[in-house]
Amino acid sequence: MDGLDADVLDMMLQAIQEFADRHLPADLVLRLDHEDECPVELVRMMCGEDLGIHLLFVPEEYGGMGGGSFDVCRVCEKMAAIDLGVATSVLATALGSDPIAVGATEEQKKAWLGRLAEEGLLFAYGATEPEAGSDLAALKTTATPVEQDGRVVGYRLNGRKQWISNGGIADAYTILANTPGGPSWFVVERGAENFTQANPEDKHGIRLSNTAALYLDDVPVHLDALVGGAEGQGLLQAQQVFGYTRLMVAAFGLGAGWSALDRVIAYSTERIQAGGPLSEKQGYTHKLIVPHAARLEAARAYIEETAERIDAGEGSLNSEGAIAKYVATEAGNAAAEAAIQGHGGYGYTREYLVEKIKRDVRITTIYEGTSEIMEMTIARDRWQEHLKSRGRYFHDRADALEALDGAHPGIGAGTAALALHALAEVLEWCRTGRLTRQQHVLLRLGELIAEAECAEALCRRAARAADGALSPKADPRFDATALAVLARVFARDAAIHVAWGGLRLVRGAGGAEDARLPELEAALRLHDVAAAESGGIADMDAAADVIYGRSGGAS
Ligand SMILES: Cc1cc2nc3c(=O)[nH]c(=O)nc-3n(C[C@H](O)[C@H](O)[C@H](O)COP(=O)(O)OP(=O)(O)OC[C@H]3O[C@@H](n4cnc5c(N)ncnc54)[C@H](O)[C@@H]3O)c2cc1C
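Cut-offs used in this document
- Residues numbered from 1 in each chain as written.
- Predicted model: local features only at pLDDT ≥ 70, side-chain atom pairs only at ≥ 80, totals over all residues.
- Heavy atoms only, no water.
- Helix = DSSP H or I, 4+ residues; strand = E, 2+ residues; numbered from the N terminus.
- Buried < 20%, exposed > 50% of the residue type's maximum accessible area, 1.4 Å probe, protein only.
- Contact = heavy atoms within 4.5 Å.
- Expected span 1.5 Å × (residues − 1).
- Core = buried A, V, L, I, M, F, W, Y, C linked by side-chain atoms within 4.5 Å.
- Arc of directions from axis to C-beta.
- Axes fitted to C-alpha atoms, helices over the stretch in contact; angles between N-to-C directions.
- Parallel < 35°, antiparallel > 145°, perpendicular 65-115°, else oblique.
- Left-handed = near helix turned anticlockwise from the far one by under 90°.
- Nonpolar A, V, L, I, M, F, W, Y, C, P; charged D, E, K, R; others polar.
- Phe/Tyr/Trp six-rings, centres within 6.5 Å; stacked < 30°, edge-to-face > 60°.

### As for the side chain of threonine 93
- Within the secondary structure, threonine 93 sits in helix α5 (residues 84-103).
- Overall, threonine 93 belongs to the buried group, its relative accessible area being 1%.
- Here threonine 93 is in contact with Leu116, Leu121, Leu122, Phe123 and Asn166, once residues within four sequence places are set aside.

### Observations concerning helix α14 (residues 393-407)
- With 15 residues, α14 should cover 21 Å at 1.5 Å per step; its first-to-last C-alpha distance of 22 Å lies within 8% of that length.
- Turning to α14, its buried residues are Tyr393, Phe394, His395, Arg397, Ala398 and Leu401.
- Packed against the buried residues of α14 are α13 (371-388), α15 (413-432) and α16 (439-466).

### Quick notes on the nonpolar core
- By size, the foremost hydrophobic cluster in this structure holds 179 residues, and its most contacted members are Ile53, Val75 and Met79.
- Other than its neighbours up to four places away in sequence, valine 75 contacts Leu9, Met12, Leu13, Ile16, Ile53 and Leu56.
- Of all hydrophobic cores here, the second largest spans 19 residues; its members include Tyr173, Ala177, Leu214 and Leu226.

### Focus: helix α2 (residues 26-35)
- Listing the buried residues of α2 in full gives Val29, Leu30, Leu32 and Asp33. Viewed end-on, α2 has its buried residues packed into an arc of 165 degrees, placing them on one side of the element. Summarising the geometry of α2, the exposed residues directed more than 90 degrees from the buried face are Asp27 and His34.
- On its buried face, α2 is in contact with α12 (354-361).
- Once α2 finishes, aspartate 36 follows within two positions and takes phi at roughly 55 degrees, a positive value.

### A look at the packing of helix α8 (residues 242-270) against helix α11 (residues 318-342)
- Between α8 and α11, the least distance of the axes is 7 Å, while the angle of their chain directions is 20 degrees. Between α8 and α11, the angle is such that the two are roughly parallel. When you trace α8 past α11, the crossing you get is left-handed.
- Of the residues belonging to the contact of α8 with α11, the class tally is 15 nonpolar, 8 polar and 2 charged.

### A closer look at the packing of aromatic side chains
- Going through the model one piece at a time under the given rule, you end up with 9 aromatic pairs.
- Plain terms: the ring middles of tyrosine 267 and tyrosine 346 are 6.5 Å apart, the flat faces sit at 55 degrees to each other, and that makes the pair tilted. With tyrosine 267 in helix α8 and tyrosine 346 in the loop between α11 and α12, this pair connects stretches of sequence that are 79 residues apart.
- Here the aromatic rings of tyrosine 393 and phenylalanine 394 are separated by 4.8 Å at their centres, their planes lie at 75 degrees, and the arrangement is edge-to-face. Across this residue pair, the class does not change: tyrosine 393 and phenylalanine 394 are buried.
- Three or more aromatic residues joined by ring pairs form one cluster here, namely Tyr267, Tyr346 and Tyr352.

### Re the environment of tyrosine 326
- Within the element layout of this structure, tyrosine 326 appears in helix α11.
- Given the relative accessible area of 7%, tyrosine 326 is considered buried.
- Leaving out residues up to four positions away in the same chain, tyrosine 326 has contacts with Ser371, Met374, Glu375, Ile378, Arg444, Glu447 and Ala450.

Below, the structure written as structure tokens:
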């Protein structure tokens with residue numbers, strides 16, 4: 001899929017910013033947050049003629065713009081930087097219409113996607129239930145067939161949905177329910193008989209987003225409401241878009257994280273303490289700014305790469321979507337936390353917005369699959385790759401990075417390769433010691449895998465930038481030299497975390513008794529990882545110079 005032209009995407013991003021400047025100034029956002037109010041009219045303007053963001057999610061043949069994953073990610077990042085609650089409302093429409101986009105019959109697509117494009121319908125995505133969150137297989141909502149003359153002519157839906165974004169304001173809802181043939185999606189319109197919506201939840205953050213429970217008390221629907229016209233396709237249809245939808249939430253983490261970091265970067269240039277601006281103090285920048293910028297850019301590299309691959313037709317890339325979501329949302333959350341700290345007491349009050357961003361971005365590690373479920377997904381998938389390749393999977397990727405290091409010295413690829421080699425060894429020690437029977441080991445492996453793969457992606461992005469080969473739609477914030485510095489900073493973190501974290505896991509889980517400890521240390525190349533630390537602080541100095549636009553830093 002080609003998606004939008006780069007200049008059309010640019011125009012759209014600009015239009016969103018201008019809309020926000022005009023209609024969502026900071027004081028209004030703070031007031032709506034304080035009063036816990038969803039600006040429904042503004043959301044409708046964004047998904048209507050005024051801005052038309054919804055058209056991005058609709059293929060051209062149904063009247064939309066047919067945006068690709070890359071386009072959607074850039075728009076999601078921009079929206080999240082403006083307000084994550086409003087962004088969630090728009091996302092919910094995309095999510096809600098996804099089961100239709102992937103699984104509906106041609107007539108259903110024409111009807112619903114056509115209406116979405118033309119009328120700007122707001123959708124909601126109704127999967128979660130009070131007792132079925134991470135474990136959707138525990139679904140209790142039922143769809144009981146209604147028969148006439150021995151033929152199914154419709155269904156009656158019964159159950160309750162929990163935490164549904166746009167729950168109280170949507171025009172149409174996709175509802176996951178158990179039919180005799182298995183979980184299936186149904187489209188239910190607002191106002192359907194016996195279908196009610198609860199009052200909005202009083203939430204920690206994203207208070208500009210409407211979140212509400214849904215009650216289905218014997219709601220009659222026509223046979224046409226069954227998405228795809230066949231029972232039992234629901235979980236498959238949900239899975240078909242996971243890679244893409246998780247990328248959208250990943251872009252939310254990125255946008256919100258950078259929005260917080262940009263605020264604290266600006267603040268620190270003006271705040272004078274101990275005779276100079278905070279931005280000049282290494283103890284401040286190297287803890288509160290630089291590592292977060294590097295981590296967010298590593299996440300961006302992974303998001304962009306995955307989006308490009310989805311757009312190139314490589315499938316739904318669910319594991320990559322999970323890695324992108326996991327790293328970007330945890331990075332966004334950590335960056336917002338650091339932004340509060342970097343503002344000192346002012347960060348703890350509402351005025352500087354970082355306190356609100358922190359509360360908002362917190363949701364991204366929970367919805368669309370929690371971080372722990374992402375860790376499990378990542379670890380299970382890559383574990384299979386490790387087994388299938390007889391332990392070569394990450395060694396091969398490391399070898400490719402070493403080759404990249406030869407062609408592009410100075411982008412940290414050699415250090416990132418150490419992380420990937422160490423990862424391959426940790427997985428192998430876990431295999432021979434049967435350590436992944438312990439769930440903690442499995443989930444921590446997910447974390448190490450995600451970090452190593454993001455380090456790899458950031459090195460590749462730095463190399464592509466040096467070759468002038470980044471997508472014309474790529475974010476232009478950092479040039480090739482700056483990306484090389486950030487890639488080196490992040491690669492060191494990844495190598496240390498994977499090697500020492502892996503050692504800790506294997507040893508902690510009983511996989512390396514005293515006599516074998518030297519063998520494990522050698523396998524993880526701890527000496528090489530330690531040697532790669534050389535120049536680490538100078539690189540952080542250079543990264544701080546790049547971030548603050550100071551001359552003479554990066555090389
Ligand atoms: C503001 C908001 C908006 C939302 N919007 C929507 C929406 O539009 N549509 C929709 O369908 N849903 C929506 N959700 C629901 C959201 O996707 C779920 O909350 C999320 O998937 C987690 O499910 P849960 O809340 O039941 O937590 P649980 O699944 O009960 O998880 C609780 C904790 O246990 C951990 N955990 C769960 N299972 C395991 C396991 N097997 N091993 C180890 N740890 C585990 C989790 O990581 C988490 O830390 C929304 C939620 C919120 C708060």
